[in-house]
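Each chain, letter by letter, is given below.
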Amino acid sequence: MQDIIVNLNISAEKYKLLYQGVAQTVYTRTLDGKSVQFPANILRPFLLSDGVKGVFRIIFDKKGKFQGIEKLS
């Protein structure tokens, strides 16, 4: 398994665009500087009234398929 660590600060307004389907992918950088993209819907469990904020570990299998996500802080 592989994982990445990302620090996200997505406002509620921006996440609303993702939720409405205007955008379906989050583009960001890992803490070690790599560019990554992943489906926005994996963040739904972490959506609060002010958006999605925190450091997250995203886990993928060897083929790059999403396996899980956890909030680290």
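Section: the side chain of Asp61
Here is step 1 of the chain: Tracing the backbone through its elements, the reader meets Asp61 in the loop between strand S4 (52-60) and strand S5 (66-71).
Here is step 2 of the chain: It is Lys65 that comes nearest to the buried, bridge-free Asp61 among opposite-charge side chains, at 6.2 Å.
Here is step 3 of the chain: Of note is the side chain of Asp61, whose polar atom sits 2.9 Å from the backbone nitrogen of Lys63.
Here is step 4 of the chain: A polar atom in the side chain of Asp61 sits 2.8 Å from the backbone nitrogen of Lys65.

Some points on the pairing of S4
Here is step 1 of the chain: The element S4 is largely enclosed, with a buried count of seven among its nine residues.
Here is step 2 of the chain: Strand direction decides the pairing type here: strand S1 (residues 2-10) and S4, joined by nine bridges, are antiparallel. Note on S4: the bridge partner recorded for Gln2 is Phe60.
Here is step 3 of the chain: Pairing of S4 with S5, which is carried by five bridges, proceeds in the antiparallel orientation. Counterpart to Ile58 in the pairing with S5 is Ile69.
Here is step 4 of the chain: Between S4 and S5, which pair antiparallel one after the other, the connecting turn spans five residues, and Gly64 there sits at a positive phi close to 90°.

Examining the nonpolar core
Here is step 1 of the chain: Counting 18 residues, the largest nonpolar core has Leu43 and Ile58 as its most contacted members.
Here is step 2 of the chain: When residues of this core are traced back to their parent elements, those giving at least two are S1, helix H1 (12-19), strand S3 (35-39) and S4.
Here is step 3 of the chain: The contact partners of Leu43, leaving out residues within four places of it in the chain, are Leu8, Ile10, Tyr15, Val26, Phe38, Val52 and Ile69.

Cut-off values and rules
- Residues numbered from 1 in each chain as written.
- Predicted model: local features only at pLDDT ≥ 70, side-chain atom pairs only at ≥ 80, totals over all residues.
- Heavy atoms only, no water.
- Helix = DSSP H or I, 4+ residues; strand = E, 2+ residues; numbered from the N terminus.
- Buried < 20%, exposed > 50% of the residue type's maximum accessible area, 1.4 Å probe, protein only.
- Lys, Arg positive; Asp, Glu negative; His and termini not counted.
- Salt bridge = Lys/Arg side-chain N within 4 Å of Asp/Glu carboxyl O.
- Polar contact = N/O pair within 3.5 Å; in protein donor to acceptor, adjacent residues only side chain to side chain.
- Pairing = 2+ DSSP bridges.
- Core = buried A, V, L, I, M, F, W, Y, C linked by side-chain atoms within 4.5 Å.
- Contact = heavy atoms within 4.5 Å.

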